[in-house]
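So you can see what is in the structure, the chains are spelled out below.
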Amino acid sequence: MKVELMLDAKATLGEGPAWDEKTQTLYWVDILQKKIYAGTELLAELDDLIGCLAPCKNGNLILGKRASFVDFDIATSQQTVLASLRESATNRMNDGKCDPAGRFLAGTMDMNEKEASGSLYSFDGKQAIRLLDGIRISNGLAWSPNHKIFYYIDTPTREVKAFDYDVSTGQIANPRAAFLVPETLGWPDGMTSDSEGNLWIAHWGGAQVTRWNPNTGQLLEQIPVPALQSSCPVFGGKDRNELYITSARVGMSDADLKKYPLSGGLFKVTTKFEGMPTFEFG
């Protein structure tokens with residue numbers, strides 16, 4: 001599986017890729033530059049930090065902004081705040097995605113990456129329910145093919161957690177460790193899943209994406225990425241077999257940037273696997 005560069009975006013903090021099946025469009029964000037991209041094109045520059053997004057059934061995008069959920073009209077760039085969260089002033093939204101029933105799950109983190117002041121929320125369009133708290137860096141989210149297991153990463157723990165997931169209520173239960181990611185691979189960041197139930201994880205500081213069997217904890221594959229801070233993968237393309245990968249440049253030394261000059265780029269890998277869909281909001 002060969003990684004190809006789609007856009008040398010030099011994103012400060014490229015993150016949150018989501019595939020819109022209806023329009024065959026990849027959306028992603030540069031959190032710190034407050035930018036939304038549609039594939040290789042800049043779609044919008046906003047007024048505040050955007051941690052994540054997802055396509056909506058109404059054709060818009062839902063955004064996880066600094067401490068709010070926002071409806072974003074793609075055609076006009078109009079923003080409508082749907083819900084505001086009570087969060088510390090030093091917290092911001094990070095990774096998020098929709099569940100199979102159309103709820104938007106998104107987590108917050110301390111921007112200084114010191115306090116465990118983050119939470120994971122589930123937003124159904126009316127109210128935001130806190131599913132977890134005491135989170136350091138809320139990151140990867142994924143579901144099993146039968147939607148009964150929810151996987152979640154709080155990056156500094158190096159642990160991929162599994163929860164029983166009730167799609168009808170959006171509640172999680174029975175937390176347990178699926179597996180630990182060794183230090184040698186870098187920090188586990190964004191995550192997605194395929195139709196066989198395997199998990200694909202981007203490794204911050206690890207210049208790679210890995211594939212795991214969450215039932216056995218077995219590392220199945222390592223795909224080198226020419227960006228030290230690989231941040232998040234998602235499946236897309238007409239056959240949903242293309243893996244798109246975001247990356248970042250923030251905090252990198254001159255030496256690391258010289259070694260990984262494409263850091264902050266958007267990448268694509270054509271795989272032999274079919275990914276799980278990006279679920280829509282609403």
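Structural data are supplied above this passage.
For the structure given in this document, a descriptive report is provided here. All of these numbers come straight from a predicted model, not from anything done at the bench. (Residues numbered from 1 in each chain as written. Predicted model: local features only at pLDDT ≥ 70, side-chain atom pairs only at ≥ 80, totals over all residues. Heavy atoms only, no water.)

**A short note on the layout of surface pockets**
Item 1. The volume enclosed by the largest pocket comes to roughly 390 Å³.
Item 2. Forming the walls of the largest pocket are 18 residues, and the residues nearest its centre are Arg 92, Met 109, Glu 113, Ile 137 and Trp 204.
Item 3. Counting residues per element, the ones that place at least two in the lining of the largest pocket are β10 (91-98) and β18 (187-193).
Item 4. Tallied by class, residues from the lining of the largest pocket come to nine nonpolar, four polar and five charged. (1 Å grid on protein atoms, 1.4 Å probe; cavity = no way out; pocket = protein on both sides within 12 Å on 5 of 7 lines; lining within 4 Å. Points joined across faces, edges and corners; volume = space filled by probe spheres on them. Helix = DSSP H or I, 4+ residues; strand = E, 2+ residues; numbered from the N terminus. Nonpolar A, V, L, I, M, F, W, Y, C, P; charged D, E, K, R; others polar.)

**Some remarks on the packing of aromatic side chains**
Item 1. Counted by the stated rule, this structure contains 14 aromatic pairs.
Item 2. The interplanar angle of 5° and the centroid separation of 4.9 Å between the aromatic rings of Phe 69 and Phe 123 together place this pair among those described as stacked. Here Phe 123 lies in strand β12 (residues 118-123) and Phe 69 lies in strand β8 (residues 68-72), a separation of 54 residues in the sequence. As far as the burial class goes, Phe 69 and Phe 123 line up, both buried.
Item 3. Clustering of aromatic rings is evident, with ring pairs tying together Trp 143, Phe 150, Tyr 152, Phe 163, Tyr 165 and Phe 279.
Item 4. Above the face of the Trp 187 ring, Arg 158 is positioned so that its terminal group lies 3.7 Å from the ring centre. (Phe/Tyr/Trp six-rings, centres within 6.5 Å; stacked < 30°, edge-to-face > 60°. Buried < 20%, exposed > 50% of the residue type's maximum accessible area, 1.4 Å probe, protein only. Lys NZ or Arg CZ within 6 Å of the ring centre and 35° of its normal.)

**Here we look at the sheet that holds strand β11 (residues 104-110)**
Item 1. Taken in spatial order, the four strands make up an open sheet running β10-β11-β12-β13, and their pairing is antiparallel. Since the sheet does not close on itself, it has two edges, and those belong to β10 and β13 (128-135), each with one partner. Looking at each pair of strands side by side, their axes are set apart by 20° on average, direction ignored.
Item 2. Pairing between β11 and β12: four bridges, direction antiparallel. Its bridge partner being in β12, Leu 105 is matched across the sheet by Ser 122. (Pairing = 2+ DSSP bridges. Axes fitted to C-alpha atoms, helices over the stretch in contact; angles between N-to-C directions.)

**Here we look at empty space enclosed by the protein**
Item 1. Scanning the entire structure with this criterion turns up one cavity of 30 Å³ or more.
Item 2. For the largest cavity, the calculated volume is near 180 Å³.
Item 3. Lining the largest cavity are 18 residues; nearest its centre among them are Lys 97, Thr 192, Val 234, Pro 277 and Thr 278.
Item 4. Those elements giving two or more residues to the lining of the largest cavity turn out to be β2 (14-20), β6 (50-55), β10, β14 (138-143) and β18.
Item 5. Ranked by residue count, the leading element in the lining of the largest cavity is β10, at four residues.
Item 6. Its residues placed into classes, the lining of the largest cavity shows eleven nonpolar, five polar and two charged.

**Here we look at unusual backbone geometry**
Item 1. Even without glycine at this site, Arg 158 takes up a positive phi of about 60°.
Item 2. Summarising the element assignment, Arg 158 is placed in the loop between β15 (149-154) and β16 (159-166).
Item 3. Notably, Ala 207 is not glycine yet its phi reads approximately 50°, a positive angle.
Item 4. If you trace the backbone, Ala 207 turns up in the loop between β19 (199-204) and β20 (208-213).

**Some points on the sheet that holds strand β4 (residues 35-38)**
Item 1. On the basis of which strands lie adjacent, the open sheet formed by four strands has the order β2-β3-β4-β5 and antiparallel pairing. Bordering the open sheet on either side are β2 and β5 (41-45), each of which pairs with just one other strand. Taking the axes of each pair of neighbouring strands and ignoring which way they run, one obtains an average angle of 25° across the sheet.
Item 2. Where β2 and strand β3 (residues 25-30) come together, five bridges link them in antiparallel fashion. Note that in β3 the partner of Glu 15 across the bridge is Val 29.

**Points about the pattern of salt bridges**
Item 1. Following the criterion strictly, the structure yields twelve salt bridges and no others.
Item 2. Glu 159 serves as the salt-bridge partner of Lys 161, at 3.2 Å between the closest nitrogen and oxygen.
Item 3. Lys 161 gets classed as partly exposed once you look at its relative accessible area, which sits at 30%.
Item 4. Glu 221 serves as the salt-bridge partner of Arg 211, at 2.9 Å between the closest nitrogen and oxygen. Placement of the pair is Arg 211 in strand β20 and Glu 221 in strand β21 (residues 218-224), with a sequence separation of ten residues.
Item 5. Accessibility expressed as a relative area gives 10% for Arg 211, which makes it buried.
Item 6. What emerges from the salt-bridge pattern is a single network uniting Glu 21, Arg 240 and Glu 274. (Salt bridge = Lys/Arg side-chain N within 4 Å of Asp/Glu carboxyl O.)

Function-wise, these values are silent; they only describe arrangement.
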